[in-house]
Amino acid sequence: MQQPGVCIEVRDLSKSYKNGRVQALDSVNLAVYAGEVLGLIGPNGAGKSTLFGCLLGLLRPDAGSVHFDGKPVDYLSVRRITGYVPERPDFEQWMTGRLFLEYHHMLSRCDPSTMAATVEECLTTVELDPAVWGRRLGTYSRGMLQRLNLAQLLVGKPRILLLDEPTLGLDPVGVKIVRKVIRSFRQSGVTAIINSHQLDEIERECDRVAFLRQGKVEKIENLKGSVSGPHVLFLRWTETGSEGQHSSLVRSLAQSMGVTVQEANRSWARVGVAGGEQAARLIREVVAAGVPVEEAVAERARLEKLFESEPGSQGQ
Amino acid sequence: MNRAILKFTAMSCFLDRIKVVYVIFMGLVIPVGMKWETLSRGAAESQTFEMFTGSVGVALVLTGLCLGAAGTSTSRSAYSGECLPLIFSRPLTRAEYVVTKWCAIALVCGAITALQNILVAFVGMCFGEVWTVQIIGAQVLERLLDAGILSAAFLATMLARNRILQVFAMAAFYVWLVGQTLPPVSVAGPNLPGLDGVQVAGGQMFFLASHRIGDFLLPGIHVYEAMNALNFPWIELVCYVSTLLVYLFAAVAMTTRRDFFYGTD
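These figures come from a predicted structure and were not determined experimentally.

Student: I keep staring at the overall build of chain A and nothing clicks. Help me out?
Tutor: Helix and strand counts for chain A stand at 10 helices and 15 strands. Across the 316 residues in chain A, those meeting the buried criterion constitute 51%. A separation of at least 24 residues holds for 69% of the contacts in chain A among residues at least 6 apart in sequence. Split by element, the accessible area of chain A, about 14000 Å² in all, is 49% carbon and sulfur.

Structure (structure tokens):
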């Protein structure tokens with residue numbers, strides 16, 4: 001029986017390779033709620049890619065199950081609403097960008113009359129230069145192929161997304177496009193799982209993050225709730241006055257409040273605060289002191305810490 | 001049957017430059033050129049020519065078409081180079097994939113080799129050979145049937161991704177090839193005494209066995225003979241259809257059971 005509000009449910013999922021000698025997943029349980037974006041992180045070999053394989057129905061689990069909206073993943077009705085961005089797509093060299101998307105449009109069983117418009121819309125969304133739409137993929141750069149990889153995700157307007165390192169190989173503009181696409185999907189209530197080594201990306205885009213190690217979910221962190229415990233506050237301001245003026249001001253205000261400035265330069269500082277209230281007070285005082293604050297954000301160093309901790313030291 | 005797979009597999013056969021060059025040379029230029037050369041020099045047709053224009057020719061064209069598993073978009077793993085077919089994240093059953101792929105490859109391969117047979121016949125007619133519509137039609141149909149069974153066997157082997165099976169299939173293919181290219185009559189000779197006789201008998205036995213194994217693994221239908229036979233060769237037909245179905249079922253079963261991911265061989 002699926003929990004109410006759960007869109008993706010992974011129950012007691014186990015998968016091993018080499019006749020059971022390598023345990024890739026060991027009784028993984030995971031629930032992703034409808035409209036939620038879940039980040040998947042963990043060291044290499046933790047089982048993230050295997051979990052993705054099982055989520056896509058391309059790997060046959062030894063035990064356990066994966067359900068999307070209460071249905072097994074290999075149902076065609078589930079595939080119809082699932083979008084996938086592979087980590088390293090291997091394209092047919094002879095295809096053109098336009099043909100590639102037409103192929104996926106046909107595979108998605110979308111209305112053939114919408115093909116031309118959909119393909120154009122997808123290619124435009126990922127900001128691929130129209131001059132290359134008709135060029136063979138063999139002539140595309142890696143960044144262009146990654147954009148095309150993202151464009152195929154848009155075909156068929158999926159409701160469930162599985163993104164495997166979506167920003168890999170992209171330039172800053174490409175990364176911005178990925179963010180834009182994820183946000184637009186988010187606004188339309190799409191459920192997503194993002195597997196990434198880019199922790200800042202995970203923090204930026206995800207509601208929760210699951211940390212995998214040795215085939216087990218070691219911890220699930222909530223990223224969008226209020227920050228209650230000690231954390232690092234990142235402050236950035238416009239440096240308009242004499243050199244270092246604002247920096248000194250921030251330092252002295254922080255000192256007067258009894259908090260530590262961990263790192264600072266002319267236009268930003270990282271301050272260790274005891275909790276959300278202290279952070280809010282510091283921001284208020286810094287603004288009141290006339291520092292033109294551009295950005296004030298809680299740094300969740302916990303993600304890096306997850307990697308630093310010993311295996312099994314954190315309970316789920 | 002999936003229209004997207006059918007269309008793009010067929011397109012890959014004609015738009016992938018390497019495949020096109022290979023297929024044109026192996027399927028058309030070499031056999032037609034051989035026919036032309038043979039007739040213009042007034043020589044007898046060689047066994048190699050027979051090979052290129054028969055079921056071995058179909059296998060050669062098929063090898064070119066199947067290289068790169070025409071029409072699959074895949075995701076390459078960062079760790080081991082194994083591929084994960086992106087298309088299976090789309091609403092597509094594996095059985096649908098296999099059957100459509102088989103249809104597309106068999107049709108394209110059959111069409112190319114049928115065209116080759118027609119061109120060979122045309123060259124022959126230019127040099128005064130007698131070719132009837134029945135002979136040409138029988139050859140065209142035979143090439144399509146050859147393409148059908150060979151494509152099914154190729155697909156089953158490629159999609160299984162089981163090393164033992166693939167090694168066995170390669171060995172079986174070579175045995176079949178020997179049976180096709182060297183009929184036992186080639187080594188037939190006078191009854192020689194001693195070691196020479198043993199060698200000849202051994203060779204004959206080997207080629208005969210290859211022939212029999214080849215017929216068992218990849219049975220064909222001799223269409224022209226069937227057309228002119230007093231009794232329709234039902235046994236040939238049943239052997240052909242049942243073997244074809246075995247390969248297709250095996251391909252579907254193995255693809256359905258297979259893990260599409262790296263590190264799972």
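The structure having been displayed, the exposition proceeds.
Student: What's the story with empty space enclosed by the protein in this structure? I'm lost.
Tutor: Any space left empty among the atoms is revealed by the rolling of a water-sized probe across them. Within this structure, the stated rule accounts for 3 cavities of 30 Å³ or more. Taken as a whole, the second largest cavity holds about 50 Å³ of empty space. As for the second largest cavity, its lining consists of Leu55, Leu56, Phe68, Val73, Val78, Arg79 and Thr82 of chain A together with Ser89 of chain B. Considered class by class, the residues forming the lining of the second largest cavity number 5 nonpolar, 2 polar and 1 charged.

Student: Explain the confidence of the model for chain A to me, please; I cannot follow it from the model alone.
Tutor: Caution applies to low-pLDDT regions: their predicted coordinates should not be interpreted in detail. Residues at a pLDDT of 70 or more form 92% of chain A, whose mean pLDDT is 84. When the elements of chain A are averaged for pLDDT, helix H10 (residues 302-308) of chain A gives the smallest value, 68, and helix H4 (residues 115-125) of chain A the largest, 92.

Student: When you look at the pattern of salt bridges in this model, what are you seeing that I'm missing?
Tutor: Side chains that differ in charge, positive against negative, can pair when their charged atoms come close. Evaluation of the coordinates by the stated rule reveals 17 salt bridges over all chains. Between Glu285 of chain A and Arg281 of chain A there is a salt bridge; the shortest N-O distance is 3.7 Å. One end of the pair is Glu285 of chain A and the other is Arg281 of chain A, both in helix H9 (residues 276-288) and 4 residues apart, which spans about a single turn. Salt-bridge contacts for Glu142 of chain B lead to Arg143 of chain B; the nearest nitrogen and oxygen are separated by 3.4 Å. Because the salt bridges share partners, they merge into one network encompassing Glu142, Arg143 and Asp146 of chain B.

Student: How should I be thinking about the packing of aromatic side chains in this particular structure?
Tutor: Residues and elements named next belong to chain B. What the rule picks out here adds up to 10 aromatic pairs over all chains. Residues Phe88 and Tyr97 carry aromatic rings whose centres are separated by 4.9 Å and whose planes lie at 70° to one another, so their mutual orientation is edge-to-face. We note that Phe88, like Tyr97, is buried. Grouped by ring-pair contacts, the aromatic residues Phe154, Phe173, Tyr174 and Trp176 constitute a single cluster. Lying over the aromatic face of Phe88, Arg94 brings its terminal NZ or CZ to 5.6 Å of the ring centre.

Student: What exactly am I supposed to notice about the pairing of strand E10 (residues 208-213) of chain A here?
Tutor: A regular strand places its side chains on the two faces of the sheet in alternate fashion. All names here are of chain A. With 6 of 6 residues buried, E10 lies mostly within the body of the structure. The alternating pattern of E10 places Arg208, Ala210 and Leu212 and Val209, Phe211 and Arg213 on opposite faces, both of which are buried. Two elements, strand E3 (residues 37-41) and E10, share 4 bridges in a ladder whose sense is parallel. Note that in E10 the partner of Gly39 across the bridge is Val209. With 6 bridges connecting them, E10 and strand E11 (residues 216-222) associate as antiparallel partners. In the sheet register, Leu212 faces E11, and the bridge partner there is Val217.

Student: What am I meant to see in the packing of helix H5 (residues 94-126) of chain B against helix H6 (residues 133-160) of chain B here?
Tutor: Pairs of packed helices are described in terms of their axes, by the angle between the two and the distance that separates them. Residue and element names in this part refer to chain B. Close contact between H5 and H6 brings their axes to 7 Å; oriented N to C, the two are set at 145°. Considering the relative orientation of H5 and H6, their crossing is right-handed. The residue makeup of the contact of H5 with H6, split by class, is 18 nonpolar, 6 polar and 2 charged.

Student: Hey, could you run me through the nonpolar core in this one?
Tutor: Across soluble globular proteins, nonpolar side chains have a tendency to be buried as a group. In terms of nonpolar packing, the biggest core is built from 131 residues, with Leu51, Leu55, Phe68, Leu101, Leu128, Leu148 and Ile193 of chain A touching the most fellow members. Ranked by residues supplied to this core, first place goes to H6 of chain B with 10 residues. Among the nonpolar cores identified, the runner-up in size contains 15 residues, and Val259, Ala269, Leu282 and Val291 of chain A belong to it.

Student: Would you explain helix H8 (residues 245-256) of chain A in this entry?
Tutor: For the α-helix, the turn length of 3.6 residues means that residues three or four positions removed from each other point alike. Residues and elements named next belong to chain A. Counted at 1.5 Å a residue, the expected span for H8 with its 12 residues is 16 Å, and the 17 Å between its end C-alpha atoms agrees. Where H8 is buried, its residues touch strand E12 (231-237), strand E13 (260-264), strand E14 (268-273) and H9. Positive backbone phi, at 80°, marks Gly258, one or two positions downstream of H8.

Student: Got a minute to help me understand the sheet that holds strand E5 (residues 71-72) of chain A in this structure?
Tutor: What links the strands of a sheet is backbone hydrogen bonding, and the strands pair in either a parallel or an antiparallel sense. Residues and elements named next belong to chain A. Strand order in the open sheet formed by 4 strands is E2-E1-E4-E5, with antiparallel pairing between adjacent strands. Among the strands making up the open sheet, the edge pair consists of strand E2 (22-33) and E5. Relative to E5, strand E4 (residues 63-68) is paired through 2 bridges, and the arrangement is antiparallel. Pairing of Phe68 across the sheet is with Lys71, part of E5. Relative to the sheet, helix H1 (residues 48-55) contacts strand E1 (6-17), E2 and E4, its axis offset from that of E1 by approximately 120°.

Student: Got a minute to help me understand the sheet that holds strand E9 (residues 191-195) of chain A in this structure?
Tutor: Residue and element names in this part refer to chain A. Spatial ordering of the open sheet is given by E6-E8-E9-E3-E10-E11, a layout of 6 strands whose pairing is mixed. Each edge of the open sheet carries a strand with a single partner, namely strand E6 (82-85) and E11. In this sheet, adjacent strand axes meet at a mean angle of 15° when their direction is disregarded.

About the criteria used
- Residues numbered from 1 in each chain as written.
- Chains lettered and ligands numbered in written order.
- Predicted model: local features only at pLDDT ≥ 70, side-chain atom pairs only at ≥ 80, totals over all residues.
- Heavy atoms only, no water.
- Helix = DSSP H or I, 4+ residues; strand = E, 2+ residues; numbered from the N terminus.
- Buried < 20%, exposed > 50% of the residue type's maximum accessible area, 1.4 Å probe, protein only.
- Contact = heavy atoms within 4.5 Å.
- Areas by Shrake-Rupley, 256 points an atom, 1.4 Å probe, with all protein chains shown as cover.
- 1 Å grid on protein atoms, 1.4 Å probe; cavity = no way out; pocket = protein on both sides within 12 Å on 5 of 7 lines; lining within 4 Å.
- Points joined across faces, edges and corners; volume = space filled by probe spheres on them.
- Nonpolar A, V, L, I, M, F, W, Y, C, P; charged D, E, K, R; others polar.
- pLDDT = per-residue confidence, 0-100.
- Salt bridge = Lys/Arg side-chain N within 4 Å of Asp/Glu carboxyl O.
- Phe/Tyr/Trp six-rings, centres within 6.5 Å; stacked < 30°, edge-to-face > 60°.
- Lys NZ or Arg CZ within 6 Å of the ring centre and 35° of its normal.
- Pairing = 2+ DSSP bridges.
- Axes fitted to C-alpha atoms, helices over the stretch in contact; angles between N-to-C directions.
- Left-handed = near helix turned anticlockwise from the far one by under 90°.
- Core = buried A, V, L, I, M, F, W, Y, C linked by side-chain atoms within 4.5 Å.
- Expected span 1.5 Å × (residues − 1).

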